[in-house]
Structure formats: structure tokens, C-alpha cells
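Structural description and commentary
Residue-level listing of the chains:
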Amino acid sequence: MDITQFTKKLKELETEGKSTQELYNEISSLAMSLALSKESKPAEKNAYYLSMEFLIGRSFFNNLMELGVLDETREILARKGIDINVFEEIEDAALGNGGLGRLAACFLDSAAGLGLPLHGYGIRYKYGLFKQAIENGFQVELPDNWQRFGDPWSIRKENEKRIIKFADMTVTAVPYDMPVFGKRVNVLRLWQAEGSEEAQRISEYLYPADDTEEGKLLRLRQEYFFSAAAVGELVEKHVKKYGREFEHFADYNVIQLNDTHPVLAIVEFIRILKTDYKVGFAEALRIAKKTFAYTNHTVLPEALECWNADLVKKILPDIYALLIKLYLTQKDEFALLKCSAEEAADMAIYSSDRFSMANLAVFVGKSVNGVAKLHTEILKDSLFRTAYKYYPEKFQNKTNGITQRRWLMLCNRELSELIDKAIGKEWRTDISELSRLGGHVPAITDEFTMVKAAKRKQLFEYISRHEGIEIPEHFIVYSQVKRLHEYKRQLMTAFAILEIYKGLKDGTIKNFQPSVFLFGAKSAPSYKRAKAIIKFINEIAAKLNSDEETNGLLRVVFVQNYNVSYAEKIVAGTDVSLQVSTAGLEASGTGNMKFMMNGAVTCGTMDGANIEIVELAGKENNYIFGAEVDEIERLKTEGYEPEKLLKTNALHNYAVSSLIDGTFSDDGTGCFKELYDALTAGASWHKPDNYFVLHDLQSYVEALLKINADYQDKKSFAVKQLKNTAFSAFFSSDRTIKEYARDIWNI
Ligand SMILES: *Cc1c(COP(=O)(O)O)cnc(C)c1O
């Protein structure tokens, strides 16, 4: 099928009396036929991206755009009296928690767009990340049945299923292929677990937490399940094509491990070569060392996968034995390198009855990369300091990126068209062209302001429909949308809002431009303090929005069920992007890049990719505040006493005390008191105010007020915003993927 035939069929499509769901399935199927006729020849060398998460979002609009038929489809449907936006009812495929999963989706998009053979492997969860509702200010989790409308973008490959064996059960892994369209058609292959009821459970739920102890066994099964299915298939394909000759395996295959979750793939690879093809252990390891590469996404110790040795032994005895063997091999190698006992322990795969997936990935991986400049430096200086000393050649940086197709062309047609008008359309296929926009900045600023206003209006309409909250059109939009985590410091924003509120009430803040603070965030269901923060923000929203003295100036909205589709609306309509993590803790962030590309200024700390954002767009066009990494380190060693700050700063005291002085109610759960205690007395193994909220609060409020004051000069503020768009090309995942392809994959 070609585009002409597609259009013809679409025009002939009978729409009368059909439900949105039926239409969705029929149009999607048509588009799939168009797509599959473009299927690419297999490449000689392929790269594979193994990831526990692919946060794809909604495929419908994106795929039609990538196939070059979105505008036509919109018009044809309009002529039939159907608004294409009815398909916004379709659920997102939320097979991921946040940034890490979204990155995987952006990478596949970019590789296909660039014509590079990169394929994904993951799990086809029956239920994606829970759907969030807010009831009485609290998060409520509802199952996410993302296939409710069907799944017309996947093809079940019955003939390519595989058997995965655990000591206590056998599971069938059935692949579902989602084509990824671009210059090439690549494949995202998601495995579904079938067999006994217990077997099916493996692909039932996505783990909504990347930081809890829950369900360890099931999680181990999940990780092994999809890693084993992927490498099993790759080895088998290789043997079919080239025979039992593995010397050149790495010339045809390279496997990128997205964080520590798929690291067991390394061990399974060695197991298969050894057991099924009688390759010696040392030889199998040598080949693995040429094949696998590892991306680290976090320095938070609780998010680095470690497996209890007994657990592994119980359900994967062969893998256990190989892990021990790898550990002994490591010991020999460390002896040759003359590492001290301490250094050897620091890099060990096995210690205190646990296997460290990060250490395994660093030991075997041919490359280890961080996801922003600062993050990679932190890996070299701290987390993997010893490994960096002995294997410096493995380490490299690959600053994350986002696909401009979803995050600009699709979500902001208006801005894209303005860019077309200024510099032509080349940027749509070669993103580096976007920088030419810099030369047009003052000239098109008025038009940009109009685009921004239009996107803001669309966002407010969307919020009105989904949350039932009205926001006046002239309000400045400050947004903080991302997973809820203490290190991301949504709590600090909540306090800052309270301080501004107080200043408005008592008249110390004057000439304040009306502003709304938007939050969107899901908390891991078992993460109590994060859930308390959601409740706290909602309490603040309720109070401020109904205060007639100030609600013409300041409002707060916590949107429900933040996901990719919501993000598409929010990034386009936002003026100020809040990226305020404790310095050193946000590996990169990608939300920050989406906002930048859509012309928001960043109000943030010197953390993750924020540093590169201000390097490129200019400090003067963004708002940086708070402690930098060095200072945080100094405070940690020299001592930090948040309580002193509370005693000496009346505003801070006002904001923080509101947790316990009856200003807000936590409905008798005690969760606000718990937050308060964590800040002032410490909680579990953490010191008081472990994330330095109070330390950075004053400079944060000052930055927010400075932004507000600068906004008075609308034109010069819009210039700052537009410069952010103009210098955002570097943050396209096209650039990131080219770097991976060149420096790690050789494809
Ligand atoms: C981009 C994105 C993220 C990542 O946001 P950060 O601010 O980088 O943490 C999380 N969730 C969704 C839905 C996203 O689109």
C-alpha cells in the first residue's frame, strides 16, 4: 500500500454509526498496512536496546505523523464530521514509570528517523503504570488497562515464541512486535509471559516503583524473563545465519543495557554459549565483553539493582553458578591489576550475599556511560571511582535527548510552523538547522508570544475539562511535572509557593504578575512520604485557589494522572520549567529538555542536564539558584543543621510549620507530621532534610520572584524563551543516538 491508496481507503471508510474505538482500530490497521509495506531490509549489524520500560505514550497521532499522513487524515475525517481529537480518548501505552522509559521510546524514534538499525526488547505488561486519580487530595491508584481499545499497533508473532526456564517453572515468552516508523522501520519487540497462572503473572504488572523492596522475587523473574528471551533469540538467529561461530558475534550485534534491570542478559548469554554451544567460559566472557554496553541512570543506591544470592540460587541455579564464577574471574583479574582489598571489594560482583548488577555491568560492559556531563563526572569520581581508575577507557558520556518529532512537531504544531516560516523546513529532518532560529529571535518574538498564548489557552482548556479547574488566560505558567520523589523536591516548590502567598497577603510582595503553579506527578504506591507531599500540595491548592484576596494572583493545580499525553500539552503551554533537584541527584532529566524546546525558561539548580541547558542557551536566559554539587558535598561533611534555618528565617518557619500547626489537614493520617519530622529530625537512615530543601529554599523563592519581575517586560522575557528553543537542537535524541551509534555501537 502507498499513501495514495491509504488516502483512497480512508476516504471510502464508512464512519456512520461507528464508535471511536471501532474507527480507531480501522484507521490504525490501514496505517499499519501502509507502514508494513515500507518494512526495511535487515541490516548487517544491529543494535538492541534492552529496557524494562518503554514509556511510549499514545501511538496514534505520532505514527500517522511519522508515516506522513497525519494532516491528510485530519482533513479527511473533518470532512466526514469527525474531529481527530476524539482519539485522545485512547489510553497511553504507559509501559514505564518516567524518564528512563521515555528515553527508551525517544531513542527508538530517533534511530528509525535517522535510518539506524536499533531495535527494542522489553516486556508487554498487561497493565501499565497505574492510573492516578486524586480523591480528597490523596493519590488513588487504579489499574491501567491500556489495551482497552485494542492494540492495533502490535503484531503477535506466534511462531517466534520462546521457552524460558526457572528452576520451579517454565514460561512461554510470546513476542509482540510494534513497528517503529521513520526512514527505517525498526521493531520494538515486547514479550508476553504465557503458561500457568503463575507464569502469566510475570508480565502482568509494571513495577510502579524503582526504589522499593516489594515483590523482589517477581521482579527478578521479570528481569530474567525478558533478558533471556532477547539474548536467546539473538544467539539463535546468529547461529542460523553464520553457524556456531561466535568469534564475530559482536560484529553483527551490540546490546545496550538500559540501567541495571536487564544486566542478567550478560550471564544468560554466557550460559547459552557454554551450555548449548559448548563454548568455554573464558571465551564466552570474552565475546560478552565485546557485545554488551551499559548505561547508568542513577546514583541513588536504592535504585541500583542488587540480587540476594539465595534468591538467585533458588530459581536460577545455573545463573547463580555463573555469577560466582564471574566473581572469581574478577578476583583473579584484580589480583593481576594489583588492586587493594578495599578496591577489589568496591568493584566486586558479589559481596555480603548479594550480587551487584551495576558492578557486573561495569566489569563486562565494553562501555559504561552516564547520561549528562555532570552525571558522568560523578560516576567517575564517586559511584564507579575505583572502576574508573582501572578501566578508564570504558567510561563515556552520552547526554540524553528527546525526540523533536513528538516533543515539538506533534505537540506544538503552531511553534513548528512559526519556525518553518523563519528558517524553512530543513530543521524537521536535520535538527541541527534549528540553531539558525537564533538569528531571527527579536524579529519573530511577537509571533512567538502569540503562539505561546495560544498553547497556554489550549492547556487551560484541557485542564478545565480534566480537572474542572479554571485558570484565567493571562496567568504565567510555572510547571513541575515528573515522578514524585523527595530528591526532585516538589516539597520545596510547595514551601516556596506558601512563602509567596504569605508575601502577597501581608503586602511585602508587590507588582506580582498573576501566576499558576502546575504540578503533575505519580508517587510509587508504597512511598509514603511522596504520597504525603501530593496531599500537601493539594491542600495548598485548595486553600490558595479559594482565597479571594489572592486567587487573582496566585493559584495551584495538581493535575491527575500525569502521563506522556498530558506532558505534550503541558510542555507546550508552560512559561517557566521548574527543575529543582538537589545538585548531584538528577542524572540528566529529560523533562527539562522538552520545556526548553518549547520555549520555556528553566528555573533550576546546577544539576543533570540543566547545566548543559544553560551552557547552550545562556545563564542570562535562565534562572539558576541553589547549592551546587561541591557545596552539597561540603555540607554533608561539615554538617548541616536545617533547624537553625527554621529558627532564623520566619518565612521558612511559616511554610514548614504549616505541616503541623493545623493550617492544613492530613485527615488524621499523621503523614504531614512525618514529613515535618523528616525535615527537622531525620527519618529512617536519613539525616534531617536529607535533600537540602531548606538550604535552597530562600534562593529558590528569590529566583521565582525575579522571574515574575522580569516577566513585566513581556517582550524581553519572550526573547529569553525563544532563545531557549533556538538553542535546543543539542537536546534532540537524534544527536544522542548518533553519538551512541558512532562511539559505542558502530552501526
Ligand atoms: C519526560 C517525561 C518524564 C521525565 O521527566 P523528568 O522531569 O526528566 O523527570 C517523566 N514522565 C513523563 C510522562 C515524561 O514525558
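Everything that follows concerns the structure shown earlier in this document.
Before going into details, it helps to say that this report is about the structure given with it. (Residues numbered from 1 in each chain as written. Predicted model: local features only at pLDDT ≥ 70, side-chain atom pairs only at ≥ 80, totals over all residues. Heavy atoms only, no water.)

If you check which residues of helix α27 (residues 650-657) are buried, you get H652, A655, V656 and S657. Each element contacted by the buried residues of α27 is listed here: α20 (490-505), α21 (528-545), α26 (642-648), α28 (671-680) and α29 (693-710). N-cap assignment for α27: the residue whose side-chain oxygen lies 3.0 Å from the backbone N of L651 is N649. (Buried < 20%, exposed > 50% of the residue type's maximum accessible area, 1.4 Å probe, protein only. Helix = DSSP H or I, 4+ residues; strand = E, 2+ residues; numbered from the N terminus. Contact = heavy atoms within 4.5 Å. Polar contact = N/O pair within 3.5 Å; in protein donor to acceptor, adjacent residues only side chain to side chain.)

This part covers the sheet that holds strand β15 (residues 354-356). If you trace the 3 strands from one edge of the open sheet to the other, you get β13-β15-β14, paired in antiparallel fashion. Each edge of the sheet is formed by a strand with only one pairing partner; in this case those strands are β13 (306-308) and β14 (350-351). Relative to β15, β14 runs antiparallel, the two being bridged by 2 bridges. Residue pairing for β15: S351 is matched across the bridge by R354. (Pairing = 2+ DSSP bridges.)

With that out of the way, let us pick up the pattern of salt bridges. Tallied over the entire structure, the rule returns 57 salt bridges. One salt bridge connects E638 with R634, and the closest N-O pair in it is separated by 3.0 Å. Of this pair, E638 and R634 are both found in helix α25 (residues 629-638), 4 residues apart, which corresponds to roughly one turn of the helix. One salt bridge connects D743 with R742, and the closest N-O pair in it is separated by 2.7 Å. Where salt bridges share partners, they join K157, E160, D177, R189, E233 and K237 into one cluster. (Salt bridge = Lys/Arg side-chain N within 4 Å of Asp/Glu carboxyl O.)

Turning next to helix α4 (residues 70-79). Residue pairs three or four apart in sequence face the same way in an α-helix, which turns once every 3.6 residues. All of the buried residues along α4 are L70, T73, I76 and L77. Looking down the long axis of α4, one finds its buried residues gathered within 130° of arc, a one-sided arrangement. Buried residues along α4 sit against α1 (3-12), α2 (20-36), α3 (60-66) and α17 (404-410). Positive backbone phi, approximately 80°, marks G81, located one or two places after α4. (Arc of directions from axis to C-beta.)

Next up on the list: the nonpolar core. Counting residues in hydrophobic clusters, the biggest one holds 274 residues, and the most contacted among them are F60, F87, L360, F495, F536, C603 and W745. When residues in this core are grouped by element, the largest group, 12 residues, is from helix α7 (residues 216-242). Aside from chain neighbours lying at most four places away, what touches F495 is F536, A655, V656, L659, L679, V693 and L697. (Core = buried A, V, L, I, M, F, W, Y, C linked by side-chain atoms within 4.5 Å.)

Between α20 and α27, the shortest axis-to-axis distance is 9 Å and the interhelical angle comes to 115°. Here α20 runs over α27; the crossing is right-handed. Counting all contacts with α20, which are made through F495, L498, E499, Y501 and K502, the residues of α27 involved are L651, H652, Y654, A655 and V656. A per-class count over the contact of α20 with α27 returns 7 nonpolar, 1 polar and 2 charged. (Axes fitted to C-alpha atoms, helices over the stretch in contact; angles between N-to-C directions. Left-handed = near helix turned anticlockwise from the far one by under 90°. Nonpolar A, V, L, I, M, F, W, Y, C, P; charged D, E, K, R; others polar.)

Spatial strand order, β20-β19-β18-β21-β22-β23: 6 strands in an open sheet with parallel pairing. Strands with a single pairing partner mark the edges of an open sheet, and in this sheet they are β20 (554-559) and β23 (623-624). When strand β22 (residues 601-604) meets β23, the two strands line up parallel, connected through 2 bridges. What sits directly across from G604, in β23, is I624. Here α21 sits on the sheet and contacts β19 (515-520) and β20; the angle it forms with β20, its principal contact strand, is near 140°. Against the sheet, helix α30 (residues 714-726) engages β21 (576-579), β22 and β23, with an angle of about 90° to β22.

To continue, consider the site of the ligand. Taken together, 14 residues lie around the ligand, and K482, K488, T590, G591 and K594 are the ones closest in. Between the ligand and K488 there is a distance of 2.8 Å, counted from an oxygen atom to a side-chain nitrogen or oxygen. Within the backbone of T590, one N or O atom sits 2.8 Å away from an oxygen atom of the ligand. The fraction of the free accessible surface of the ligand (390 Å²) that becomes covered by protein chains is 96%. Put simply, the parts of the chain that give the shell around the ligand at least two residues each are α22 (564-573) and α23 (591-597). (Near = heavy atom within 4 Å. Areas by Shrake-Rupley, 256 points an atom, 1.4 Å probe, with all protein chains shown as cover.)

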